[in-house]
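# Observations on the three-dimensional arrangement
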Amino acid sequence: MLSPAVHEFEAHRSYLTAVAFRILGNRAEAEDAVQEAWLRFAQQSDIRDPRGWLTTVTSRICLTQLTSARVRRTAYPGEWLPVFAVDPDADPAGHAERADQVGMALLVVLERLTPEQRVAFVLHDAFGVPFEEVATVLDSTPAAARQHASRGRRAVTEGGIRHTAGPAEQRRVLTAFLAAAQSGDFRTLAAVLAPDVVAISDGGGVVRSALRPIHGAEKVGRLFHGLLTHRMATMTEVEVAPVLVAGGAGMLLRGRMDGAPVRSVLTVAVDDGRITGIFLQQNPEKVLLGDL
C-alpha cells in the first residue's frame, strides 16, 4: 500500500513536471528535478501546503541547474538549441496537446533569458504563482521578482518567433518547404517562407552547421537547398520520417555518411501560412528518439 506521502506527491507530479519542463526545456532534466523534489519531500513532515512547498523546491532545483548550464554554454560552439525529444507522428491532426508541452519557438526564446527571468516568467505568467512565492524561490524581494518576470515577458514578446499554426498546418507547410528546398524551386520557397524568417541550427561542434542565425527568405532558402541536396547525395541508407518535436510537426533525416550514423531533426514555426522560424538540431547528443 502506498504511503500518504506518496499519494500526496503523485497528486502533484504532472504539475511539477510541467513547471520544471518549462523552466529547463529538457524533459529528462525536468523529471530528474521532480524526482529530487520527491526525495526532499519524503524527508519532511507536517507540510501545510504541499503544492506550494513542492513548487518552491522544484523551482529552486531548476534554478540551480539553469545557472550551471548558463556557465557551460558560454563555451558552446555556435548556436544553442534545446534538446529535441522526438516522437512518432502518425496523426498530427489528432495529436493531443500535453499539459506540460511548450512549442519550440517559445523554448528558443526562453533559452535567451537569464535564469532569474525565466523562473519568474514561467512561475508567474504560466502558472500564476504569486510574486511573494516567486521571490522565495529566487531569494529576492517581491519587487525584484516582479521585475525579473517583466523583463522576461518583454523579451518573449519582442524577441519571439511568431507561431500560430496547429500541427496539421505546420506539417503541410513544412512538407512544401522541404520539397521546394530539395528541388531548388525558389518560387515555391518564396511563397512558404516569411520575409523575416530566421533559421537556427545546432551542431554542437560535432556536425558542421551555421554558427549564427540566418535571416531572410532568400538566404534561408538557398542554405537549405544546398544543405539538403548535399546531405542527400552523400548519405546512404537514407530515411526521412515525419515526427513530433515539442508537440509540433518535424522531420527526421537519418542515414550513414562515411560509414558513421547521422541524424538531424528539423521543426518550424508557422504564422499565416508561412514559415517564420526553422530550428535544425544536428548535435547527436541532443536528439532523443523516443520509439523511432
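On a predicted model such as this, the values are computed, not experimentally measured, just so you know.

The next point concerns unusual backbone geometry. The phi angle at A246 is positive, at roughly 55°, despite the residue not being glycine. Within the element layout of this structure, A246 appears in the loop between strand 4 (236-245) and strand 5 (248-257). Positive phi outside glycine occurs at D272, with the angle close to 55°.

Further remarks concern the UniProt feature "domain: RNA polymerase sigma-70 region" (unreviewed entry) in the protein. UniProt records the feature "domain: RNA polymerase sigma-70 region" (unreviewed entry) for residues 9-70 in the present numbering. Secondary structure within residues 9-70 divides into 81% helix and 0% strand; the distance between the first and last C-alpha atoms comes to 30 Å.

Of all hydrophobic cores here, the largest spans 56 residues; its most connected members are I23, F84, M104, V119, V265 and F279. Top contributing element to this core by residue count: helix 2 (residues 13-24), with 7 residues. Residue-level mapping places this core at the junction of two domains, with at least three residues from each of domain 1 (4-77 + 113-158) and domain 2 (78-112 + 161-291). Not counting the four nearest positions on each side in its chain, F279 is found in contact with L81, F84, M104, A105, V108, I161, I200, V265, L266, T267, V268 and A269.

Accessible area lost upon the coming together of the parts is a frequently used measure of interface size. Domains assigned within the protein are domain 1 (4-77 + 113-158) and domain 2 (78-112 + 161-291). Distance from the C-alpha centre of domain 1 to the C-alpha centre of domain 2: 29 Å. On the side of domain 2, 21 residues touch domain 1, which itself brings 17 residues to the contact. The contact between domain 1 and domain 2 buries some 1,800 Å² in all, and 55% of this surface belongs to carbon and sulfur atoms. Taken together, the connections running from domain 1 to domain 2 amount to 1 salt bridge. Among the salt bridges present, the one from R118 reaches E111, with a minimum N-O distance of 3.7 Å. Elements with a contribution of two residues or more to the side of domain 1 that touches domain 2: helix 2, helix 6 (115-127) and helix 8 (142-159). Per element, the largest residue contribution to the side of domain 1 that touches domain 2 is 5 residues, and it comes from helix 2. Looking at the side of domain 1 that touches domain 2 residue by residue, the classes come out as 9 nonpolar, 4 polar and 4 charged.

What follows is about the UniProt feature "domain: RNA polymerase sigma factor 70 region 4 type" (unreviewed entry) in the protein. Within this structure's numbering, the places UniProt gives as "domain: RNA polymerase sigma factor 70 region 4 type" (unreviewed entry) are residues 105-155. For residues 105-155, helix accounts for 80% and strand for 0%, while the C-alpha atoms at its two ends are 13 Å apart.

So, on to the environment of E285. With respect to the helices, strands and loops of the structure, E285 is situated in the loop between strand 7 (274-281) and strand 8 (287-289). On the basis of relative accessibility, which here comes to 66%, the residue E285 falls in the exposed class. Considered as a pair, E285 and A126 are 159 residues apart in the sequence and their alpha carbons are 29 Å apart.

Within the secondary structure, S201 is located in strand 2 (residues 193-202). Polar side-chain contacts of S201 include one of 3.3 Å to the backbone nitrogen of A210. Look past the residues within four positions of S201 in its chain and what remains in contact with it is E79, L81, S209, A210, L280 and Q282.

Another aspect to go through is the pattern of salt bridges. Applying the stated criterion to the full structure yields 10 salt bridges. One salt bridge connects R153 with D125, and the closest N-O pair in it is separated by 2.6 Å. One end of the pair, R153, is in helix 8; the other, D125, is in helix 6, with 28 residues separating them in the sequence. For R153, a relative accessible area of 31% translates into the label partly exposed.

With that settled, the discussion passes to the sheet that holds strand 4. Strand order in the open sheet formed by 8 strands is 3-2-7-6-5-4-1-8, with mixed pairing between adjacent strands. Two strands bound the open sheet, and with one partner strand each, they are strand 3 (214-215) and strand 8. With 3 bridges joining them, strand 1 (residues 84-88) and strand 8 adopt parallel strand pairing. Paired with V86 across the strands is L289, a residue of strand 8. Together, strand 2, strand 4, strand 5, strand 6 (260-271) and strand 7 form the strand contacts of helix 9 (residues 167-183), whose direction differs from that of strand 5 by roughly 40°. Packing of helix 11 (residues 217-234) onto the sheet brings it into contact with strand 2, strand 3, strand 4, strand 5, strand 6 and strand 7, and relative to strand 2 it is tilted by some 45°.

Calculation rules
- Residues numbered from 1 in each chain as written.
- Predicted model: local features only at pLDDT ≥ 70, side-chain atom pairs only at ≥ 80, totals over all residues.
- Heavy atoms only, no water.
- Helix = DSSP H or I, 4+ residues; strand = E, 2+ residues; numbered from the N terminus.
- UniProt positions renumbered as here; feature names shortened; annotations may be inferred.
- Core = buried A, V, L, I, M, F, W, Y, C linked by side-chain atoms within 4.5 Å.
- Buried < 20%, exposed > 50% of the residue type's maximum accessible area, 1.4 Å probe, protein only.
- Domains from an automatic or database assignment.
- Contact = heavy atoms within 4.5 Å.
- Buried area = accessible area lost by both parts, 1.4 Å probe.
- Salt bridge = Lys/Arg side-chain N within 4 Å of Asp/Glu carboxyl O.
- Nonpolar A, V, L, I, M, F, W, Y, C, P; charged D, E, K, R; others polar.
- Polar contact = N/O pair within 3.5 Å; in protein donor to acceptor, adjacent residues only side chain to side chain.
- Pairing = 2+ DSSP bridges.
- Axes fitted to C-alpha atoms, helices over the stretch in contact; angles between N-to-C directions.

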